[in-house]
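Spelled out from the first residue to the last, the chains are:
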Amino acid sequence: MNPESYRMVDFLNQAVTRGTHVLHHTPEWLRLRPGLFHSVSFIFLSVLLTVSCDTQPTASDQNGTGNGNGDDDPAYSHTRNPGMSAIDFLRNDDFTEVLVEIQYMPGYRPADSGLDELQAFLQDHLDKADVIIAEPEEVPSGGQEQYSANDVRQLEEEHRRHFTEGSTLASYNLFVDGSYTDGNVLGIAYYNTSNAYFGATIHDISGSPPLNPSREKVEGTVLRHEYGHLLGLVDNGVEMQEHHQENGPHCTDEGCVMYHAVNTTDFFANMFDDSISDLDEYCLQDIHAVQE
Ligand SMILES: [Zn+2]
Ligand SMILES: [Zn+2]
């Protein structure tokens, strides 16, 4: 085993261990119900194809500020918890178009093919006439080795350019040049329309197949997974039709992009399959229930 693959295995073991640890200490999650989750402060850790992720509810519901343009219009609030805009994403009543803004720190521009995977995913699952992925834009380095959820919220406030307006629902994605304050995490959903990705960690675990999964594949998978949280999965904005939730708002099906954890063997099996995971039947059933 070369040093690179050894490091990956170590990363996996660490991730799985921590995921269990966090779940053990957050049993209150299991008692959450839709409508209450926004008032409860919780943290959980998930592991997806070694792709760990975390959704980060705000401690208190902040409203509408942070667009930096000083307008006093009671604009669509983009500082609510992940899952709170699920219906706005999934249905077309109020918004017929979704705009995906991508910003990145120097050296961490996401690959086009990963963005294509996200676009295909959103076009498949959202009831929208259009899904537009804006040209990725570079922003200055934040100058940190690690970024917390609050750090990325602050960075969004400084840099985000596109906001929900008219019939266009805007969402935001920031690729930072460091790791998460908990180093296993590759991405977090931290507001109702916002995700962040930890470029240093993504680059660290990706490489050249077959020894390492390609960066394109890791990015495509994490992008889809975090958007799954914005769409209210699992039971975190859209109601679960049949029980399939485990380890926070994640899916029990290991073939689903919303799956929470995987062991080393599964990691290799999954990551070198040609396709990037999508939603399984359980998750599809949940989103179709609100799209009828
Ligand atoms: Zn997750
Ligand atoms: Zn699922």
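Quick note: structure is the one above.
If you're wondering where the values come from, they're calculated on a predicted model, not measured in any experiment.

Draft legend 1. Helix α3 (residues 112-125), seen in detail. Helix length check: α3, at 14 residues, gives a terminal C-alpha distance of 20 Å against a target of 20 Å (1.5 Å per residue), a fit within 8%. Against β3 (97-104), β4 (130-133), α6 (215-230) and α8 (281-291) lie the buried residues of α3.

Draft legend 2. Highlighting the nonpolar core. Core analysis: the largest hydrophobic core is formed by 57 residues, its most contacted members being Phe89, Val152, Val176, Leu231, Met258 and Cys283. Look past the residues within four positions of Phe89 in its chain and what remains in contact with it is Val98, Leu126, Leu169, Leu230 and Leu231.

Draft legend 3. Inspection of the packing of α3 against α6 at higher detail. Packing of α3 against α6 leaves a shortest axis separation of 7 Å and a crossing angle of 30°. As summarised for this structure, α3 and α6 are arranged roughly parallel, according to the angle between their axes. The handedness of the crossing between α3 and α6 is right-handed. Here Ser113, Gly114, Glu117, Leu118, Phe121 and Leu122 of α3 come into contact with α6, specifically with Glu216, Glu219, Gly220, Leu223, Arg224 and Tyr227.

Draft legend 4. Representation of α6 in the model. The end-to-end C-alpha separation of α6 is 23 Å, in line with the 22 Å expected for 16 residues at 1.5 Å each. The buried fraction of α6 amounts to 14 of the 16 residues, a majority that puts the element mostly inside the structure. Positive backbone phi, at 95°, marks Gly232, one or two positions downstream of α6.

Cut-offs and rules
- Residues numbered from 1 in each chain as written.
- Chains lettered and ligands numbered in written order.
- Predicted model: local features only at pLDDT ≥ 70, side-chain atom pairs only at ≥ 80, totals over all residues.
- Helix = DSSP H or I, 4+ residues; strand = E, 2+ residues; numbered from the N terminus.
- Expected span 1.5 Å × (residues − 1).
- Contact = placed C-beta atoms within 7 Å.
- Core = buried A, V, L, I, M, F, W, Y, C linked by C-beta atoms within 7 Å.
- Buried ≥ 20, exposed ≤ 12 C-beta atoms within 10 Å, placed from the backbone.
- Axes fitted to C-alpha atoms, helices over the stretch in contact; angles between N-to-C directions.
- Parallel < 35°, antiparallel > 145°, perpendicular 65-115°, else oblique.
- Left-handed = near helix turned anticlockwise from the far one by under 90°.

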